[in-house]
Amino acid sequence: MPKRNSRRNNKGKNFTRQNTGNDNPTWKEVVRENEVWEEYYKAMNIIPDNEWSDFKKACQSNLPMTFRITGSRKHAEEIRNIFIDRHYNNLRGKEYEGVDLTPKNIEFYPDKLGWQIDVSKQVIKKQKDFAKTQRFLVVETEVGNISRQEAVSMIPPLLMDVKPEHYVLDMCAAPGSKTAQLVEALHANDEKQLPTGFVLANDSDYKRSHMLVHQVKRLNSPNFLVVNHDAQLFPRLRLNGHKEYLKFDRILCDVPCSGDGTMRKNINIWKDFRTGNAIGLHPLQYKILNRGLQLLKKGGRLVYSTCSLSPIENEAVVAEALREWGDKIKLVDVSNELPGLKRRPGISTWPVFGKDMKLKEKGEDGLVDSLFPPTKEEEEAFGLDKCVRVYPHLQNTGGFFITVFEKNDPETNKRQAEESDEEEQEAKRQKTELSSEKKEENSDPSVGENSEEHVPVAAASKPVEKKSRLPRDANEEPFVFLDPNNEELAKCYPFYDFSNAFSDDCALVRNATGEPLRTIYYVSPIIKEILTADDQKLKLVHGGIKLFVAQRNDVGICPWRVQTEALHTIEHFIGTKRHLTCNLELLKYLFVNAFPKVEDLKQSSLDEEFSKKLDGLEEGCLFLTVKRGDGLEDLFLPLWKGRSNVNLMVSKKDTHELLYRVFDIETNAKDEGKERIYQEKVEAAKKARAENMTPSIEPEVCEQNIIEPVSSKGESAEGAETEK
C-alpha cells in the first residue's frame, strides 16, 4: 500500500509530500526514473535491447484494474455472466483519455473468471460513467464473490494445483489475497463433498496476521487456521497417535522481497531502489524456502515466488536450495500450465553488484557465495530455465517470479527435515529475536514497505509485540471444544435435525470459562486434530466459523440461532424438520420488508404452501431454500420465526447483492436496510403513542417486535438482525 504521505488525484497521478521547511508542505509528482535501477537491470540482460523501451514504459505506467470471480462453479459462472450481460457491454468500445475500456479476460485465468480493465481503479471509481460497474464491483467484493487482486498475484496459487484433500501451508500469508485463492481451491468441489484438507496461513507480524483474518474470513471456511510464527523457524506439527511429523502436500513460499516488480503501484520504489536491498534479503529468503522444503511431503509441490525481478532474490535462492538438497528435490516444468500466460524462462548467469553498484567476485566484501550464478556443471543440472519470469510489458501486469519445486525425498528420510530437535529450534528462535534489532540496522528501512504483498526484512524476522493495536474483533481466548452431549448443544442438534454424518464433536467456544455463553464455533475434523494435538506449539490467531449464536430472550425449545456464515458448511447435514421453500415473488417481498406478520403473508397469497407449513413450526431459526431453475444456483438462507412475525436474516450487504443478482434491483451505499427503516418506524410509533398522536405503525406491532440494536453500518452485531 502507498505511504501515508502519498496521494493520487482523479487522473491517477502520484504525488509525494515535500518538506519546505515551514508549516505548509507542498506536493510534488513522483518522478518515475532511477538511473541505478536502469543500469542494474540493463546489466542483468533479462530484457532484450529491442524491448527495453516497452519494458520501461510499462513500469512507468499505472497498473490496470484486475479482479477475479470466486466461488463454486455454478455460483462463479452466474456472477461472470452478470458482469458480461450488465457491464461488459456498457464499457465496450468506450475510451478514457485514449485508452480502450473494453474489459478483457486475463488470458491465463481459467474459465474466463479473471478480468482486466486497462485503467487504474481510481478512474473506475471517480468517473460517473462507470458508477454502475463500480457499485457492482464494490457489492460483490464485500460479500466475497469478487477478489480485487493484481493479475500476477493470481499465478502462484494456480500453479500449486490445490485439491480438497490437501494439507496446505502459506508461510508468509498477509495480506491474504493468495491465501484466499488457496482456500477457494480447497473448497472447489463443495457442491459434491466438503474438503478433508486444510489451509494453514502464517505470518510473522502479529498485527498483519489479524489483517489476514479479515481478508479470508469472508470465505467462511472451517478448514482454515491462522498462526503467527517466524517462517524461518516454523514449528513442526505432530497429531495425536502419529509417530511422524505432519507434512504438507502444498506449500506457498511467497517470501518478503524488495518489491521492485510492484513499482507500477508502489511508486516510492522508484526513489528507494538500492542494489543492497536484494543482497540483504537473500539469506532470509533462502532460510524460509529451506524450511518450507523441510515441511514438504514426498511428491508435494512448493511454489517459491517474489514480486522482484532481481536474480539475487530469485534464481540465486533457487540455485542454493538445489545445491543443498541435491536430488531430493527438483524443479517442475510448468511451461504447459496456464496457457495464455506470457512468460520468460529463468536465467542461469547474472552479474553481482555490491551496495556501491560495483561488480563483485566471489569472496569480495564478505558477500556470500550463494549470491553468485551456478557453475557450468550446476547450470546443466539445475535447469533454472524452468523458473517463470513475468515482465510488465508482456501482458500489462506487474513483475513477478515463480518457481515450482517437487520433493523426491521420502518422508522417512530425516536428512534435513529432522535435523534439529525442539531445543535447538527454540535456541535458534531466541537467537533470531535477540539479533533482530541488529538485522534491522543493517537493512534498508525502505525495503518492501510499500508492497501490499510483501513485508520488509525486519518485520519478517521479528514478530510485532502484542501490545500493538489490533482489530476490534481480535480474539485471544483459548479454543475449548464442547462435548457433543453438552446441555446447550443437546438443544441445538435435534432441534435443527442434524444428521449423524455431521461431526458434532467439532463445536467449540472461545472464552476462559469453556462454556457456551454467547457464541459456539465450528471447525472441520482435521482442524480439531491440529488444535487438540499434545505436541502442538502453534501461536494461534484465528480458526473456526460461528455456528450458533444465543438469543437474548426466551424463544422456546432452542434459544440458539444458526449463524449465516455456517450455512454453507451445514447445508447438506440438515433434515427437513425446519426447512421451508418459497417462490421468488415471496423472496423479493422478504428482502425489502422487515418482520412482516405471518397473518399478512397468508392473506397476500404470495406463497400459500410456504404459509401453510410455516404455521406448524415452532419459534426460532428456520432454513429457506429458493429454487431458481434455468441452471442457476439455488439459494439457501436463514429465516427467523417470531411469535407473530418472520424475518429473513440476511445482512444488508448480502441483501444488496442478492437483490441485484436475482432481481436486477440496484441499491446504493446509503441505503439503510429494511431493519434500520423498521426500527425507525417502531421508535416513531412509540414516540407518537407517548404524545397521543396517530402513529405511522400500528401500536400492537410496536409491542410485539423489538429488534436487536443496529450498528452504525446498519447491521446487528452478529451480522443479521432478528426479532426478539
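Residues numbered from 1 in each chain as written. Predicted model: local features only at pLDDT ≥ 70, side-chain atom pairs only at ≥ 80, totals over all residues. Heavy atoms only, no water.

Things to note about the nonpolar core
- Ranked by size, the top nonpolar core spans 76 residues in total, and within it Tyr-304 and Phe-405 carry the most contacts.
- Ranked by residue count, the leading element in this core is helix α10 (residues 275-295), at nine residues.
- Here this core gathers at least three residues from each of two domains, domain 2 (152-412) and domain 3 (480-564).
- If you look at the next biggest cluster of nonpolar residues, it comprises 61 residues, including Phe-130, Val-213, Leu-338 and Val-404. (Core = buried A, V, L, I, M, F, W, Y, C linked by side-chain atoms within 4.5 Å. Buried < 20%, exposed > 50% of the residue type's maximum accessible area, 1.4 Å probe, protein only. Helix = DSSP H or I, 4+ residues; strand = E, 2+ residues; numbered from the N terminus. Domains from an automatic or database assignment.)

Let's talk about the UniProt feature "binding site: S-adenosyl-L-methionine" (unreviewed entry) in the chain
- Here, the residues flagged by UniProt with the feature "binding site: S-adenosyl-L-methionine" (unreviewed entry) are Cys-172, Ala-173, Ala-174, Pro-175, Gly-176, Ser-177, Lys-178, Asp-203, Asp-230 and Asp-254.
- Counting through the fold element by element, Pro-175 comes out in the loop between β10 (167-170) and α7 (177-186).
- With respect to the helices and strands, the residue Lys-178 is situated in helix α7.
- Relative accessible area serves as the criterion here: at 3%, Lys-178 is assigned to the buried category. (UniProt positions renumbered as here; feature names shortened; annotations may be inferred.)

With respect to the confidence of the model for the chain
- Per-residue confidence for the chain averages 84 on the pLDDT scale, and 82% of its residues sit at or above 70.
- Between residues 411-424, whose pLDDT stays under 50, and residues either more than four places distant or in other chains, the model counts 29 contacts.
- Of the regions scoring below 50 in pLDDT, residues 698-724 engages in 88 contacts with residues more than four places distant in sequence or in other chains. (pLDDT = per-residue confidence, 0-100. Contact = heavy atoms within 4.5 Å.)

What about the packing of aromatic side chains?
- By the definition in use, this model includes 29 aromatic pairs.
- Centroid distance Phe-498 to Phe-502: 4.8 Å. Interplanar angle 50°. Geometry classified as tilted. Just as Phe-498 is buried, Phe-502 falls in that class too.
- Centroid distance Phe-502 to Tyr-522: 5.0 Å. Interplanar angle 25°. Geometry classified as stacked. Linking Phe-502 in the loop between α16 (487-495) and β20 (507-509) with Tyr-522 in strand β21 (residues 519-522), this pair joins segments that are 20 residues apart in sequence. A single burial state applies to Phe-502 and to Tyr-522, both of which are buried.
- An aromatic cluster is built from Tyr-493, Phe-495, Tyr-496, Phe-498, Phe-502, Tyr-522, Phe-548, Phe-573, Phe-623 and Phe-636, whose rings are joined through pairwise contacts.
- Here the guanidinium or amino end of Arg-238 rests over the ring plane of Tyr-245, the centre of that ring lying 4.4 Å away.
- Sitting over the ring of Tyr-167, Lys-297 keeps its end group 5.1 Å from the ring centre. (Phe/Tyr/Trp six-rings, centres within 6.5 Å; stacked < 30°, edge-to-face > 60°. Lys NZ or Arg CZ within 6 Å of the ring centre and 35° of its normal.)

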